[in-house]
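# Geometric and topological summary
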Amino acid sequence: MVRVGRLGRTVRVLVAVAGIGLLINGSVRATDDAWPFGPMSQYAMSVPDDAKIDYTRISAQTDAGTTVDVPLNIEGAGVARAEIEARSGEIVKDPSLLQQVADGWARKHPDQPKYVKLELIRDTTQLVKGRVEGPPASQVLATWTVTR
Amino acid sequence: MSWFTPAIAMARIAWLRTILYLFVILDMHAFVRDTRDKGEHPGLYEPLLLARILDLPRPSVANTTVLYVVLIVACLIGATNHFPRIAGWVVAAAFTWWVLIGMSDGKVDHDHLALVIALWVLPTVGRARYGDQTRSEAAGWAIRCIQICVIATYFLSAVAKLRSAGWALTWPGSAVLTWAIVRRPHPVGEWLLHYPWILHVMQWVGIVGEFLSPVILWLRGRWQLFGALFFIGFHAANTAILLIHFLPTVVCWLAFAPLERIVPWFRSRRSDRDAREAEDQAEHGRQAEQQAGA
């Protein structure tokens, strides 16, 4: 068996204890900004039984005359749904931010119909006593006519 | 104190290096895969604390491309168990930066803690071979750190659930899974929307499991295996319901596995087979002699 020396052991124990300390600090007080020592807060919130559940999406009219939901991922329009949700307030103030979604789609899918008009839409699902009640209500938050 | 430095066979380090360094290559293409895109379009870049402390440059096409190439080369070398320290430190620093860029857009995932820490502790151990049964405290410390981070991922997510409710236990009875399914619709989840009680049972099982997870650090043998299987089942359920797989954490469960037994197991199987073959041949020989004598 290969042992570590006294100094080696002390340093290792201190590093491990410091790491655990950082993790506890992150979980008790910090935010995601402290990655990798931030809180494990994905899906950590308590959602009330009468919550309104918002789901943000982007609907596009194409130059082929169709209306499609923009695939909000890296392979689709090059931007993730979470990014759009995090920035929906900014997009409402400045709908031209949607231009990059059209650009991203056009760049990644040059042989597919181009987007000509984009709508940022919020679908709201109502919970009643913890159950989904009826289909979601849709609201258009921002509209952008794509420029070339 | 010695709990942090159990003596563990060097072979486990060798196997973990191969598996984790290859996993990093997979991760760069399948999970945190938008780092180079962010180099092309740094518009949404919001550096995280660590990037600000280290004053890391904004992602660009040049630096993310170099980062990509360096990571691939260092992972391939590290996976062969050659130059374990140099390759290991390069992978640790480069992958940390890679993930930092990938998560600097307003969304941080929580499945990379154990993997990133694993990459930082593996290079503290010297050269290891797949069959090396020499037990080492340095190896044990690295393994223990990975184990602690795997468990912390669960335990701390239970803590986060209490914290977000103002330190109250309201999460397991809430509509959080319903909320999650509505936002990530797919068939299994949508079927479950009709049975909120099943979702509540799952929430209770999940949070109790997360709170009890540290026990696994002190379990041994079969019981520890049951603990690991519980959480791997937990991830399978999450994947089925929400398409959230947490593979970067799942792969680190291998730090609990006695990987050092792989080579002896193969050797004993081979020697068993050789012994059987030798016996068969001897048997054959005797039959032939008897026939000749008849």
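Residues numbered from 1 in each chain as written. Chains lettered and ligands numbered in written order. Predicted model: local features only at pLDDT ≥ 70, side-chain atom pairs only at ≥ 80, totals over all residues.

Helices and strands together make up the secondary structure of chain A, namely four helices and four strands. Seen in sequence order, chain A has helices and strands lined up from the N terminus as α-β-β-α-α-α-β-β. A compact globule built from 148 residues should have a C-alpha radius of gyration of about 15 Å, whereas chain A, at 23 Å, is more than 25% larger. With respect to the principal axes defined by its C-alpha atoms, chain A has extents near 75 × 45 × 30 Å. (Helix = DSSP H or I, 4+ residues; strand = E, 2+ residues; numbered from the N terminus. Rg over C-alpha atoms; globule rule 2.2 N^0.38 Å.)

Below, the discussion takes up helix H6 (residues 113–121) of chain B. Residues and elements named next belong to chain B. Counting buried positions along H6 gives nine out of nine residues, so the element sits mostly inside the fold. Every buried residue of H6 is listed here: Leu113, Ala114, Leu115, Val116, Ile117, Ala118, Leu119, Trp120 and Val121. Here the buried face of H6 lies against helix H1 (10–30), helix H5 (84–102), helix H7 (137–164) and helix H12 (247–250). (Buried ≥ 20, exposed ≤ 12 C-beta atoms within 10 Å, placed from the backbone. Contact = placed C-beta atoms within 7 Å.)

Moving on to the interface of chain B and chain A. Between chain B and chain A, the residue contacts involve 50 residues of the former and 43 residues of the latter. Elements with a contribution of two residues or more to the side of chain B that touches chain A: helix H3 (49–53), H6, strand S2 (135–136), H7 and helix H8 (176–183) of chain B. Element by element, the count of residues in the side of chain B that touches chain A is highest for H7(B), at 14 residues. Of the residues that constitute the side of chain B that touches chain A, the class distribution is 28 nonpolar, twelve polar and ten charged. (Nonpolar A, V, L, I, M, F, W, Y, C, P; charged D, E, K, R; others polar.)

Here the focus is the confidence of the model for chain B. Residues and elements named next belong to chain B. Here chain B shows a mean pLDDT of 93. Residues at 70 or above account for 98%. Across chain B, the secondary-structure element scoring lowest on mean pLDDT is helix H13 (residues 262–293), at 81, and the one scoring highest is H6, at 98. As a predicted assembly, this complex carries a pTM of 0.89 together with an ipTM value of 0.89. (pLDDT = per-residue confidence, 0-100.)

What follows is about the packing of H7(B) against helix H10 (residues 196–212) of chain B. Residue and element names in this part refer to chain B. Two elements in contact, H7 and H10, have axes separated by 7 Å at closest approach and are oriented at 120 degrees. If you check the angle between H7 and H10, you find them oblique. In this structure, H7 crosses over H10, and the sense of that crossing is left-handed. Taken together, the residues of H10 that come into contact with H7 (itself represented by Tyr154, Phe155, Ser157, Ala158 and Lys161) are Ile207, Glu210 and Phe211. Counted by class, the contact of H7 with H10 contains five nonpolar, one polar and two charged residues. (Axes fitted to C-alpha atoms, helices over the stretch in contact; angles between N-to-C directions. Parallel < 35°, antiparallel > 145°, perpendicular 65-115°, else oblique. Left-handed = near helix turned anticlockwise from the far one by under 90°.)

So, about the sheet that holds strand S3 (residues 115–128) of chain A. Residues and elements named next belong to chain A. With antiparallel pairing, four strands are arranged side by side in an open sheet as S2-S1-S3-S4. Of all the strands in the sheet, just strand S2 (67–69) and strand S4 (131–145) have a single pairing partner and so form its edges. Each neighbouring strand pair of the sheet contributes to a mean axis angle of 30 degrees, computed without reference to strand direction. When strand S1 (residues 52–62) meets S3, the two strands line up antiparallel, connected through eleven bridges. Each bridged residue has a counterpart across the sheet, and for serine 59 the counterpart in S3 is glutamate 119. (Pairing = 2+ DSSP bridges.)

All names here are of chain B. For helix H4 (residues 61–79), which comprises 19 residues, the first-to-last C-alpha distance of 27 Å matches the rise-based estimate of 27 Å (1.5 Å per residue) to within 8%. Along H4, the residues classified as buried are Thr64, Leu67, Leu71, Ala74, Cys75 and Gly78. An end-on view of H4 places all buried positions within 105 degrees of arc, on one side of the element. Opposite the packed face of H4, turned more than 90 degrees from it, sit the exposed residues Val61, Ala62 and Val69. Summarising the contacts, the buried residues of H4 are in contact with H1, helix H2 (35–40) and H5. In the stretch just after H4, asparagine 81 is the one whose phi turns positive, near 70 degrees. (Expected span 1.5 Å × (residues − 1). Arc of directions from axis to C-beta.)

This next bit is on the nonpolar core. Of all hydrophobic cores here, the largest spans 91 residues; its most connected members are Val91(B), Ala142(B) and Ile146(B). The biggest single contributor to this core is H7(B), with 17 residues. Discounting chain neighbours no more than four positions away, the residues touching Ala142(B) are Ile13(B), Val121(B), Leu122(B), Thr124(B) and Val125(B). Residues Val101(A), Ala102(A), Trp105(A) and Val146(A) belong to the second largest nonpolar core, which totals 17 residues. (Core = buried A, V, L, I, M, F, W, Y, C linked by C-beta atoms within 7 Å.)

Now for the pairing of S4(A). All names here are of chain A. Of the strand pairs in this sheet, S3 and S4 are connected by eleven bridges, and their pairing is antiparallel. Considered in S4, the bridge of lysine 117 is made with threonine 145. Adjacent in sequence and paired antiparallel, S3 and S4 are bridged by two residues, among which lysine 129 carries a positive phi angle near 50 degrees.

Attention now moves to the environment of Leu254(B). Residue and element names in this part refer to chain B. Positionally, leucine 254 belongs in the loop between H12 and H13. Residue class for leucine 254 comes out partly exposed when judged on the 19 C-beta atoms lying within 10 Å of it. Separated by 239 residues in sequence, leucine 254 and tryptophan 15 have C-alpha atoms that sit 9.3 Å apart. Excluding its chain neighbours within four sequence positions, the residues that come into contact with leucine 254 are Leu16, Ile19 and Leu259.

The subject of this paragraph is the pairing of S1(A). Successive side chains on a regular strand alternate, one facing one side of the sheet and the next facing the other. All names here are of chain A. Direction of pairing for S1 relative to S2: antiparallel, over a ladder of three bridges. If you follow alanine 60 over to S2, its bridge partner there is valine 68. If you look at the hairpin formed by S1 and S2, you'll find four residues sitting between the two strands, and glycine 65 has a positive phi there, around 85 degrees.

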